[in-house]
Amino acid sequence: MNISKNTVVKMHYSVMDKDGNAIDSSFDNEPLEFIIGTGFLIPGLETALIDKKEGDTFTAEVPAAEGYGERHDGLMQAVPKSMFEGMEIEPGMQFRATTDEGEQTVIIIEIQDEDVVIDGNHPLSGIDLTFDVEVLGVREATPEELEHGHIHKEGGCCASNEDCCD
Ligand code: ZN
């Protein structure tokens with residue numbers, strides 16, 4: 001069976017930047033399993049998976065624009081240190097912040113006398129990525145999975161998705 005929209009794909013991947021620096025990999029962990037077409041993956045990687053099948057291995061070059069987006073200088077800003085009162089902060093620290101764009105991850109770049117420089121760009125924005133992918137399995141999504149927008153492992157919804165059922 002070939003991968004298309006609304007199929008469930010199980011795969012391993014590793015990803016590196018243009019210079020061959022390893023960024024992330026699933027090979028030592030659980031594979032990813034997700035429904036194609038739900039926005040689970042970055043667009044460029046999802047496109048590369050279409051028409052592949054179980055057992056396929058391939059390399060996909062994903063430019064930043066089809067990955068985590070280009071960098072926007074406007075997302076870098078200085079905020080008053082007082083915003084972090086009571087927090088131990090250091091450069092490189094990430095936290096969730098509510099902004100005009102909604103919830104996003106923000107990274108502390110630099111701590112100055114009065115201000116803290118933060119960056120709301122995704123850490124992988126502006127980076128062209130190379131993925132090595134191994135397709136472990138492909139199946140149709142069930143109607144229930146499509147309705148929920150996520151996969152159900154053995155045991156159904158609540159066994160698969162911690163946030164789904166209380
Ligand atoms: Zn569900």
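Report follows, based on the coordinates. (Residues numbered from 1 in each chain as written. Predicted model: local features only at pLDDT ≥ 70, side-chain atom pairs only at ≥ 80, totals over all residues. Heavy atoms only, no water.)

1. Observations concerning the coordination of the zinc ion
Of the protein atoms, only His148 (ND1), His150 (NE2), His152 (NE2) and Cys157 (SG) coordinate the zinc ion, at distances of 2.0 to 2.1 Å. Bound by four donor atoms, the zinc ion shows angles of 97 to 118° at the metal and therefore tetrahedral coordination geometry. Counting along the primary sequence, the residues that act as donors to the zinc ion give the motif H-x1-H-x1-H-x4-C. The pair histidine 152 / cysteine 157 is uniform in exposure class, with both members buried. (Donors = N, O, S within 2.8 Å, 3.2 Å for Na, K, Ca; no water. Tetrahedral: all angles 85-135°; square planar, octahedral: opposite > 155°, others 65-115°. Buried < 20%, exposed > 50% of the residue type's maximum accessible area, 1.4 Å probe, protein only.)

2. A look at the pairing of strand 8 (residues 115–119)
Strand residues, when the strand is regular, have side chains that alternate between the two faces of the sheet. Counting buried positions along strand 8 gives four out of five residues, so the element sits mostly inside the fold. Inspection of the sheet shows strand 7 (residues 102–111) paired to strand 8 by four bridges, in the antiparallel sense. Bridging across to strand 8, isoleucine 107 finds its partner in aspartate 119. Counting the residues in the hairpin turn of strand 7 and strand 8 gives three residues. (Helix = DSSP H or I, 4+ residues; strand = E, 2+ residues; numbered from the N terminus. Pairing = 2+ DSSP bridges.)

3. Quick word on the side chain of serine 125
Looking at the element boundaries, serine 125 is found in the loop between strand 8 and strand 9 (129–140). Note on serine 125: relative accessible area 4%, which makes it buried. In this structure the side chain of serine 125 is engaged in a polar contact, spanning 2.8 Å, whose partner is the backbone oxygen of histidine 122. The contacts of serine 125, once residues within four sequence positions are left out, are Tyr68, Gly69, Glu70 and Arg71. (Polar contact = N/O pair within 3.5 Å; in protein donor to acceptor, adjacent residues only side chain to side chain. Contact = heavy atoms within 4.5 Å.)

4. Some remarks on the environment of isoleucine 111
Within the secondary structure layout, isoleucine 111 lies in strand 7. Distance in space between the C-alpha atoms of isoleucine 111 and glutamate 90 is 7.2 Å, their sequence separation being 21 residues. Leave out the neighbours within four places in its chain, and isoleucine 111 touches Lys81, Ile89, Glu90 and Pro91.

5. Concerning the side chain of aspartate 56
Tracing the sequence through the fold places aspartate 56 in the loop between helix 1 (43–49) and strand 4 (57–62). Judged by relative accessible area, which is 19%, aspartate 56 ranks as buried. If near-sequence neighbours (up to four positions away) are discounted, aspartate 56 is found in contact with Val133, Glu134 and Val135.

6. Examining unusual backbone geometry
Unusually for a residue other than glycine, asparagine 6 sits at a positive phi of about 70°. Looking at the secondary structure, you find asparagine 6 in the segment before strand 1 (7–17). For asparagine 6, a relative accessible area of 29% corresponds to the partly exposed category. Even without being a glycine, aspartate 51 presents a positive backbone phi close to 75°. Its location among the elements puts aspartate 51 in the loop between helix 1 and strand 4. Look at aspartate 51 and you get exposed, because its relative accessible area is 54%.

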